[in-house]
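Overview (structure and organization)
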Amino acid sequence: MTENELLSRCGGKCELCGSELELSIYDLPASDGYENEIMICETCSGQIAVADTMDMNHWRCLNDSMWSPVPAVQVMSYRMLKRLNGEGWAQDLLDMLYLEDDVKAWGDAEVAAAGDDTTPTLDSNGAVINAGDTVVIIKDLNVKGTSFVAKRGTAVRNIALTNNPEHIEGRVNGTRIVILTCFVKKS
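Residues numbered from 1 in each chain as written. Predicted model: local features only at pLDDT ≥ 70, side-chain atom pairs only at ≥ 80, totals over all residues. Heavy atoms only, no water.

1. Considering the pairing of strand β10 (residues 167-172)
With two bridges joining them, strand β9 (residues 160-161) and β10 adopt antiparallel strand pairing. Among the inter-strand pairings, L161 is bridged to a residue of β10, identified as I168. Between β10 and the antiparallel strand that follows it, strand β11 (residues 175-180), lie two residues; N173 among them carries a positive phi value of about 55°. (Pairing = 2+ DSSP bridges. Helix = DSSP H or I, 4+ residues; strand = E, 2+ residues; numbered from the N terminus.)

Structure, rendered in structure tokens:
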């Protein structure tokens, strides 16, 4: 796609945050059958390139861009939300996001490649746990900061991984909690 075609498609605005300043073409790693170029601003580009400079509040814009009809924008929104999975609002957006199977596979391709050097998250039996899996709690757990107990046998669906391989996040009784992996088994 040419720069003029991209500018026409995006209406002269960053396809992630909507800024009209200092736009440039960003190439996502190759895809099968999709255009892999998006138009983004210098702020988004810099924060994508250098993760240490990420301003979490800037990325709240993904609430809008994740609904773009352009698969490359959907993939970049998905990837950024995965990077921000420690933020509750980002995980809530990921829970709402729907991607076609091939678009999700494209989005997961970079996430998997980037995560190859990390320690895998394992359940109490040593089975690898991935984001989106369902696990079962194997012991009654008092949930700090609440008045309920997460009962043994409770299924926790669509879990999220954290930066610590000994912790996962999931919803129990409608509340997002952090659970130690030694107290769950993959179902």
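2. Here's the deal with the nonpolar core
Ranked by internal contacts, the top residues of the largest apolar core, which has 30 residues, are L16, I38, W59 and L81. At the level of secondary structure, the elements contributing two or more residues to this core comprise β2 (37-41), α2 (42-49), α4 (71-83), α5 (88-96) and α6 (101-114). Ranked by residues supplied to this core, first place goes to α4 with seven residues. In contact with L81, not counting residues within four places along its chain, are L62, M66, W89, A90, L93 and L94. Judged by nonpolar contacts, the second largest core, of 14 residues, contains L141, F148, V156 and I179. (Core = buried A, V, L, I, M, F, W, Y, C linked by side-chain atoms within 4.5 Å. Buried < 20%, exposed > 50% of the residue type's maximum accessible area, 1.4 Å probe, protein only. Contact = heavy atoms within 4.5 Å.)

3. Concerning the sheet that holds strand β8 (residues 155-156)
Taken together, the three strands give an open sheet; going across it, the order is β8-β5-β12, and neighbouring strands pair in antiparallel fashion. The open sheet has two edge strands, β8 and β12 (184-186), and neither has a second partner. The pairing of strand β5 (residues 135-137) with β12 spans three bridges and is classified as antiparallel. Counterpart to V136 in the pairing with β12 is K185.

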